Each structure stands twice: as structure tokens, then as C-alpha cells.
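Here are the chains, one letter per residue:
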Amino acid sequence: MTDVTEIALGPLASLTEGAPTRINITGRPPVCAYLVDGQVYVTDNACTHGDASLGDEGELDGFTIVCLYHDGAFDIRTGEVLNPPCNRPLRTYPVTVRDGQVWIAISAAGED
Ligand code: FES
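Reading the values: the criteria
- Residues numbered from 1 in each chain as written.
- Predicted model: local features only at pLDDT ≥ 70, side-chain atom pairs only at ≥ 80, totals over all residues.
- Heavy atoms only, no water.
- Helix = DSSP H or I, 4+ residues; strand = E, 2+ residues; numbered from the N terminus.
- Buried < 20%, exposed > 50% of the residue type's maximum accessible area, 1.4 Å probe, protein only.
- Pairing = 2+ DSSP bridges.
- Axes fitted to C-alpha atoms, helices over the stretch in contact; angles between N-to-C directions.
- Polar contact = N/O pair within 3.5 Å; in protein donor to acceptor, adjacent residues only side chain to side chain.
- Salt bridge = Lys/Arg side-chain N within 4 Å of Asp/Glu carboxyl O.

Draft legend 1. Region of interest: unusual backbone geometry. Residue P84 is joined to P85 through a cis peptide bond whose omega torsion reads 15°. By secondary structure assignment, the location of P85 is in the loop between strand 8 (81-83) and strand 9 (92-93). For D37, which is not a glycine, the phi torsion comes out positive at approximately 55°. Unlike most non-glycine residues, D99 shows phi in positive territory, near 50°. Summarising the element assignment, D99 is placed in the loop between strand 10 (95-98) and strand 11 (101-107). Since its relative accessible area comes to 81%, D99 is described here as exposed.

Put into C-alpha cells, the structure is as follows:
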């Protein structure tokens, strides 16, 4: 059985449509949250190519987060690489919104 932990990321109202937002989490690397058409998506915040923070150095275009360091890009829904030099997918997280709060689910094994 996979042990899944839910982590609160904060209020939905703190997210801005189309603006990637880095969210720090105690005890683990930050994630990046996106609000697109009222729907929340969450990925790892670190680009898989280098040391860029997607919440700070990323630009969202629809469902595509572009890392401005080297123009690598990912689909925020799946983590799929859309543009090199990135060649490893971005981790994505299941998202739930309850009572105006955003939660993600993280498995203990590190896989979702
Ligand atoms: S660090 Fe993100 S594309 Fe290079």
C-alpha cells in the first residue's frame, strides 16, 4: 500500500491566473503552483535542466511553463518536456482544493 501525505499549499486566492508561484514547503523542496482557467496545477519548482526556479524564472504560456534560463519547457499538466535542452520530465502533483485551500498529495515513496 502506498502511503500518501497531503500538504497544504495555502489559499487559492493567493494564486494569480497565469502567474507561476513558488511555494516553499517545510522539509522538502519547493513546488510551483499555476492557476489556468480557474484550475490549479502543481509541479516541482526546480527546472530539471539546471538550477532555475520556475516560480521565479519561469514564464507561463497556456499550459506550458518556459524556463527562461535556456528556454526549456514543460507541460504543467503532465510534466512532459516540450522543448530542449530539458530532457527529463517535471514532477507533477495531484491537486485538491477544499474550502478555498490548495492541497497536494505526495506519496511516501516519492512517486505519485
Ligand atoms: S535551467 Fe531550465 S532550461 Fe536550463
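Let us keep going from here.
Draft legend 2. Structural context of the sheet that holds strand 5 (residues 58-61). Here 4 strands make up an open sheet; going across it, the order is 5-6-7-8 and the pairing antiparallel. Of all strands in the sheet, those with a lone pairing partner are strand 5 and strand 8, marking the two edges. Strand after strand, the sheet turns through a mean of 30° between neighbouring axes, direction not considered. Both strand 6 (residues 64-67) and strand 7 (residues 73-75) contribute to a ladder of 3 bridges, which runs antiparallel. Within strand 7, the residue paired with V66 across the bridge is A73.

Draft legend 3. Focus on the side chain of T43. Tracing the chain through its elements places T43 in strand 4 (residues 39-44). Given a relative accessible area of 0%, T43 falls into the buried group. In this structure the side chain of T43 is engaged in a polar contact, spanning 2.8 Å, whose partner is the side chain of Y34.

Draft legend 4. Main features of the pattern of salt bridges. Under the defined criterion, the tally for this structure stands at 3 salt bridges. When the shortest N-O distance is used, the salt bridge between R22 and D56 registers 2.7 Å. Of this pair, R22 sits in strand 2 (residues 21-25) while D56 sits in helix 1 (residues 54-57); the two residues are 34 residues apart in sequence, bridging distant segments of the chain. A relative accessible area of 45% means that D56 is categorised as partly exposed.

Draft legend 5. Local environment of the sheet that holds strand 1 (residues 4-11). Taken in spatial order, the 3 strands make up an open sheet running 1-11-10, and their pairing is antiparallel. With partners counted over all chains shown, the strands left at the sheet margins are strand 1 and strand 10, one partner each. With strand direction ignored, the average angle separating the axes of adjacent strands in the sheet is 30°.

Draft legend 6. Local environment of the pairing of strand 4. Bridge count between strand 3 (residues 28-36) and strand 4: 6 bridges; the pairing is antiparallel. Bridge pairing in strand 4 links Y34 to Y41. Hairpin connection of strand 3 to strand 4: 2 residues between the antiparallel strands, including D37 at a positive phi of 55°. As defined by bridge partners, strand 4 adjoins strand 9 across 2 bridges and the pair is classed as antiparallel. Directly across from T43, in strand 9, lies its bridge partner T92.

Function cannot be read off these values alone, since they describe shape.
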